[in-house]
Amino acid sequence: MNLYIFSLLVIGLVLLTVTLGSGWIKRLPVSYALIYLGVGVFLGPYGIDFLTERPSSEFIERLTELVVIVSVFGCGLKMNRPMTLAAWQLPARLIGLMMPISIVAIAAVAHFLLQFDWGAAVLLGAILAPTDPVLASEIQLNHSNDQDNFRFGVTSEGGLNDSLAFPFVYFGIHAINQPQWDSWLRQWLLVDLIWAILAGVVMGYLVAKAILWLDRRVQRSRPSEDLMQDIIALSVILLTYSLTELVNGYGFLAVFVAGLTMQKSCTQHRQSNQLHFVEQIEKLLEVIAILLLGSLLRFSELRWHLTDALAVAGLVLLIIRPLGAQISLLGSSLAVPTRWLTGWFGIRGLGSLYYLTYAMGKGLDGNLADRMVWIVYTTIVASIFLHGITASPLMNWYQTRIKSL
């Protein structure tokens, strides 16, 4: 059977199954991502051995890039807090403290335990530090009116840290390619850190505002169809991302800011429609990406790096993230049990896969690339499994007991 036709058949069957069975799945200690991963493994060499040809790293990079930009825009649309420092205390702590702690801790593990050079160690830290906005839908804000602080914290963290890990990815790539730091450090500070972040914030705001202004002008003269209005969100995502990348800004950050700008500028009805549209696209792309991820499993290759991969995955998910969250959230408004819950839900996923394949496109290769591939892959799979079976029971526990504290 033609691979393309069979792929459509599989995706259609998976979508039908999870849609019709969503009422039962919601009651089980499994996530949709865990189901997709299992189906992907079934399609690979340890199942029916249909998907034998591995896609190129460039294809995986572009696919995960698209999934992430759609997801971070959705996170921005859910940001319903006023733009004050007090209201954004939790994201500030999780981005300003939690993410650097994660990068430094993972880099230290990679350097001292795995004997990575510091450049490669920092790169691995930057790849694995971000939490994933795509796979965390069960713990994120449910809608634009959800005022839950825990959900707000993890949603904003997922939307922002996939953007703000980028400077450290560049740092690691520069350090690997040019071990003499003094030859590139100044440019990294000025361009990759300061300029790219500022450009991302400014472009995200300006592009979204410009499209909204143009939309209002057109609507006054000849209103468009309601269905086409929802597609405005997709045009904002694509235009914001592409225009920001053209000026060397961080497109992920710009898309998040664009979503936040639209949340502040649109009516509640329109926000709801656009968020629903974006989430539908995100879920479809998630199915494709996780099926592909599952089909990539190769025990014959993983076994050479299994000890390193399990050590890093265990330390990241069970020690670095939980303890880092406790340190970062010390003195915050969250109760102690909720801080531990925030620490546990440091879900790793498609953002890390994107950064890995991006680095490979910038020169990461050889044995170092192989080691990183299986470390990152193992961490993502372990996260999908552990968080997939604990998300429903822990969130039920949070809703019934912890939230009332």
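One can find the structure itself at the top, above this paragraph.
Criteria and thresholds
Residues numbered from 1 in each chain as written. Predicted model: local features only at pLDDT ≥ 70, side-chain atom pairs only at ≥ 80, totals over all residues. Heavy atoms only, no water. Helix = DSSP H or I, 4+ residues; strand = E, 2+ residues; numbered from the N terminus. Rg over C-alpha atoms; globule rule 2.2 N^0.38 Å. Buried < 20%, exposed > 50% of the residue type's maximum accessible area, 1.4 Å probe, protein only. Expected span 1.5 Å × (residues − 1). Bend = angle between axes of the 7 residues up to and from the residue. Axes fitted to C-alpha atoms, helices over the stretch in contact; angles between N-to-C directions. Parallel < 35°, antiparallel > 145°, perpendicular 65-115°, else oblique. Left-handed = near helix turned anticlockwise from the far one by under 90°. Contact = heavy atoms within 4.5 Å. Nonpolar A, V, L, I, M, F, W, Y, C, P; charged D, E, K, R; others polar. Polar contact = N/O pair within 3.5 Å; in protein donor to acceptor, adjacent residues only side chain to side chain. Salt bridge = Lys/Arg side-chain N within 4 Å of Asp/Glu carboxyl O. Core = buried A, V, L, I, M, F, W, Y, C linked by side-chain atoms within 4.5 Å.

A word on the overall build of the chain
Thinking step 1. What the chain contains, in helices and strands, is 18 helices and zero strands.
Thinking step 2. Scaling as 2.2 N^0.38, a compact globule of 405 residues should have a C-alpha radius of gyration of about 22 Å, and the chain matches this with 21 Å.
Thinking step 3. Expressed along its principal axes, the backbone C-alpha trace of the chain runs to roughly 65 × 55 × 50 Å.
Thinking step 4. Taken over 405 residues, the chain has a buried fraction of 54%.

Some words on helix 9 (residues 185-221)
Thinking step 1. For helix 9, with 37 residues, the first-to-last C-alpha span of 52 Å sits near the 54 Å given by 1.5 Å per residue.
Thinking step 2. The sharpest bend along helix 9 measures roughly 35° and falls at W195.
Thinking step 3. Within the sequence span of helix 9, burial applies to W188, D192, A196, A199, G200, M203, G204, V207, A208, I211, L212 and D215.

With respect to helix 5 (residues 89-112)
Thinking step 1. Given a rise of 1.5 Å per residue, 24 residues ought to cover 34 Å, and the 33 Å separating the end C-alpha atoms of helix 5 matches this to within 8%.
Thinking step 2. Along helix 5, the sharpest change in direction is near 30° and occurs at M98; proline P100 comes one to four residues later.

Regarding unusual backbone geometry
Thinking step 1. Positive phi outside glycine occurs at Q115, with the angle close to 65°.
Thinking step 2. Looking at the element boundaries, Q115 is found in the loop between helix 5 and helix 6 (118-128).
Thinking step 3. One non-glycine residue with positive phi stands out, namely N248, at about 65°.
Thinking step 4. Mapped onto the fold, N248 is located in the loop between helix 11 (232-246) and helix 12 (251-265).
Thinking step 5. Residue N248 is classed as exposed on the basis of its relative accessible area of 53%.

As for the packing of helix 9 against helix 11
Thinking step 1. Contact pair helix 9 / helix 11: the axes reach a minimum separation of 9 Å and the direction vectors enclose 140°. Classified by the angle their axes make, helix 9 and helix 11 are oblique. Seen from above, helix 9 lies across helix 11 with right-handed handedness. Of the residues in helix 11, those in contact with A199, G200, M203, G204, V207, A208, I211 and D215 of helix 9 are I232, S235, V236, L239, T240, L243 and T244.
Thinking step 2. Classifying every residue of the contact of helix 9 with helix 11 gives nine nonpolar, five polar and one charged.

Here's the deal with the side chain of S71
Thinking step 1. Its location among the elements puts S71 in helix 4 (residues 57-78).
Thinking step 2. Looking at S71, the relative accessible area reads 2%, which means it is buried.
Thinking step 3. Of the polar contacts made by the side chain of S71, one reaches the side chain of E282; its length is 3.5 Å.
Thinking step 4. Ignoring anything within four residues of it in the chain, the contact list for S71 reads P133, V134 and E282.

Topic: the side chain of E61
Thinking step 1. Positionally, E61 belongs in helix 4.
Thinking step 2. Those residues in contact with E61 that sit more than four places away from it in its chain are Y354, T357 and Y358.

Describing the pattern of salt bridges
Thinking step 1. In the structure shown here, the tally under the stated rule is five salt bridges.
Thinking step 2. One network of salt bridges, in which partners are shared, links E61, R62 and E65.

A short note on the nonpolar core
Thinking step 1. Core analysis: the biggest nonpolar cluster contains 120 residues, and F73, F116, L124, M262, F345, M372 and I384 have the highest contact counts within it.
Thinking step 2. Tallying contributions element by element places helix 18 (residues 366-402) first for this core, with 11 residues.
Thinking step 3. Counting six residues, the second largest nonpolar core, distinct from the first, contains L90, A325, L329 and L334.

Brief notes about the environment of P100
Thinking step 1. In this structure, P100 sits in helix 5.
Thinking step 2. Exposure remark for P100: the relative accessible area of 31% places this residue in the partly exposed category.

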